[in-house]
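# Residue-level structural notes
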Amino acid sequence: RQELDKRRRRSMTHAMRVATATTTAAAAATHGTGRLALVVLLLAASGVVQPARADGETVATIIFGTLGGSLGVAMLVFLIKLVTSIKVVEKGTAMVVERFGRFHRRLDAGLYFLIPWVDVPRPLTHRTQETLVTSPGARGHVVIDQHLTYRIDLREAVLCFPVQEIITRDNVNIRVHPMVLYRIVDPVRVVYETFDLYLAVEKLIQTTLRSIIGDMGLDDTLASREEINRALQQKISNIFLNWGFKLIKVDILEIMPATATIQEAMHKQISAERIRRAKVIEADGYREQTKTEAEGKCAAMIAESRGEQQVAIIAAKGQADAKLMKANAEAEAIRTIGAALKDFDVDATRYIIGLKYIEALKKIATSAKERELFLPLEHDVVGAVSALGVHRRRGAAAAAPSS
């Protein structure tokens, strides 16, 4: 009975050691370190094997038991490694696989099986940065998270860099906070061309920004973000493409003066600029007002002159129509008189002229006390008038003796 109890205790101890070795080997195989799993198996086997004792146990029984446990552990580790060699690559990601340390193939979206301990995914150093602001207006605290990843994200992403100080062309020290919108287009180049992709991109962006903004003034820097983006893309896009990294856009989140003196000077400049703009707007308003009033007066005068012109045209047209009607009436009268005097062999024109003479003489005689008339020609009317004067003088001479 004591012998059976000893054997039972040895079996339990052996099982516990095998279980511990199996767990450790499985964990090592899960993390992809096959050599470590083999070392763990050897250590477990060495811990399990015990020297032969003089209690009836044979050396062959112990060896076969140890080899059986080690073989079971090895089979379990192989199964775990076999399961973990099945890779599922999601859409929008990729994976680079090496075989015996050399590039083998690129895995896009889909289901793949890797040969255990032969095909190994190539890791990529991935870094994310986050700025934590504890209070409003305070300077943020930058937290950087860096880890290895086997799945390379091919989607567009944002890479935010720390704030850097740059001196402009007019010797103004400013703080610039750049941001990059990028996309990985060639995972193979990304993992092989650079040791630390994100560090290389950060330093290249910072040096190129310092070179571009150093050739610009403060006002140009504040107003030329598109030009800065264009210049950056022209200078470093080809370099990024060689790294499998496509630069989509570079933007500056904020531009701040490095000292309080520069900030105060900028505030004064902004105030002066606003006052100048207010005066310019006021002057433009007065100019527009004066111009509008002058245009209104001009339009009013033009309208008034056009009205007077229309009135004069209408009046002249009325007078012309009246004269025309009068002339037509006189012409009709002359034709009527001429038709009436035709039987008496008298010219109508001379008749009308004689009437005009008589009317003129009548007006002259009634409008003045004494007048002398010099008639320019002799005709029947003048003769009639002279005869009339002779008859009057004779009458007066005949009446004088009788008185």
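Reading the values: the criteria
- Residues numbered from 1 in each chain as written.
- Predicted model: local features only at pLDDT ≥ 70, side-chain atom pairs only at ≥ 80, totals over all residues.
- Heavy atoms only, no water.
- Helix = DSSP H or I, 4+ residues; strand = E, 2+ residues; numbered from the N terminus.
- Buried < 20%, exposed > 50% of the residue type's maximum accessible area, 1.4 Å probe, protein only.
- Contact = heavy atoms within 4.5 Å.
- Areas by Shrake-Rupley, 256 points an atom, 1.4 Å probe, with all protein chains shown as cover.
- Expected span 1.5 Å × (residues − 1).
- Axes fitted to C-alpha atoms, helices over the stretch in contact; angles between N-to-C directions.
- Parallel < 35°, antiparallel > 145°, perpendicular 65-115°, else oblique.
- Left-handed = near helix turned anticlockwise from the far one by under 90°.
- Nonpolar A, V, L, I, M, F, W, Y, C, P; charged D, E, K, R; others polar.
- Core = buried A, V, L, I, M, F, W, Y, C linked by side-chain atoms within 4.5 Å.
- Salt bridge = Lys/Arg side-chain N within 4 Å of Asp/Glu carboxyl O.
- pLDDT = per-residue confidence, 0-100.

What follows is about the overall build of the protein chain. The number of helices and strands found in the protein chain is 10 helices and 12 strands. Here the protein chain, with 403 residues, has 25% of them falling under the buried criterion. Within the protein chain, counting contacts between residues at least 6 apart in sequence, those at least 24 apart form 61% of the total. As displayed, the protein chain offers around 28000 Å² of accessible surface, 60% of which is attributable to carbon and sulfur atoms.

As a further point, take the side chain of Ser85. Along the chain, Ser85 falls in the loop between α3 (59–84) and β1 (86–89). Apart from the residues lying within four places of it in its own chain, the contact partners of Ser85 are Tyr112, Phe113, Leu114 and Pro116.

This part is about helix α5 (residues 197–214). Spanning 18 residues, α5 covers 26 Å between terminal C-alpha atoms, matching the ideal 26 Å at 1.5 Å per step. Turning to α5, its buried residues are Leu197, Tyr198, Val201, Glu202, Leu204, Ile205, Gln206, Thr208, Leu209, Ile212 and Ile213.

Position of Gly244 among the secondary structure elements: in the loop between α7 (225–242) and β12 (245–257). Put simply, Gly244 and Arg189 are 55 residues apart on the chain and 5.0 Å apart in space, counted from C-alpha to C-alpha. Apart from residues no more than four positions distant in its own chain, Gly244 is found in contact with Arg183, Ile184, Val185, Asp186, Arg189 and Val190.

Relative to each other, α5 and α7 sit at 140°, their axes nearing to 10 Å. By the angle class used here, α5 and α7 are oblique. In the packing of α5 onto α7, the handedness of the crossing is right-handed. In this structure, α5 uses Val201, Leu204, Ile205, Thr208, Leu209, Ser211, Ile212 and Ile213 to contact α7, whose residues at the interface are Ile228, Ala231, Leu232, Lys235, Ile236, Ile239 and Phe240. Tallied by class, residues from the contact of α5 with α7 come to 12 nonpolar, two polar and one charged.

Once that is clear, we can look at the nonpolar core. If you look at the biggest cluster of nonpolar residues, it comprises 39 residues, and the most contacted ones within it are Ile174, Val180, Val201, Ile205, Ile213, Ile228 and Phe240. When residues of this core are traced back to their parent elements, those giving at least two are β2 (93–99), β11 (173–184), α4 (187–193), α5, α7, β12 and α8 (260–341). Ranked by residues supplied to this core, first place goes to α5 with eight residues. Beyond its immediate stretch of four places on either side in the chain, Ile174 contacts Gln164, Glu165, Ile166, Thr168, Ile213, Leu218, Thr221, Ile255, Met256, Pro257 and Ala258. Listed in part, the five residues of the second largest apolar core include Met95, Val97, Leu107 and Leu114.

In this section: the pattern of salt bridges. One pass over the full model with this rule turns up 15 salt bridges. Linking Lys268 and Glu264 is a salt bridge whose minimum nitrogen-to-oxygen distance equals 3.9 Å. Note that Lys268 and Glu264 are positioned in helix α8 at a spacing of four residues, about one turn of the helix. By relative accessible area, which is 55% here, Lys268 ends up exposed. The salt bridge partner of Arg287 is Glu288, with a shortest N-O separation of 3.5 Å. Given a relative accessible area of 46%, Arg287 falls into the partly exposed group.

As a further point, take the confidence of the model for the protein chain. Looking at the protein chain as a whole, its pLDDT mean stands at 76, while 71% of the residues score no less than 70. Per-element averaging of pLDDT across the protein chain places helix α10 (residues 380–402) at the bottom with 45 and β2 at the top with 92. Here residues 381–396 scores under 50 on pLDDT; set against residues more than four positions off or in separate chains, the count is five contacts. pLDDT under 50 marks residues 399–403. Its contacts with residues more than four places away, or in other chains, come to zero contacts.

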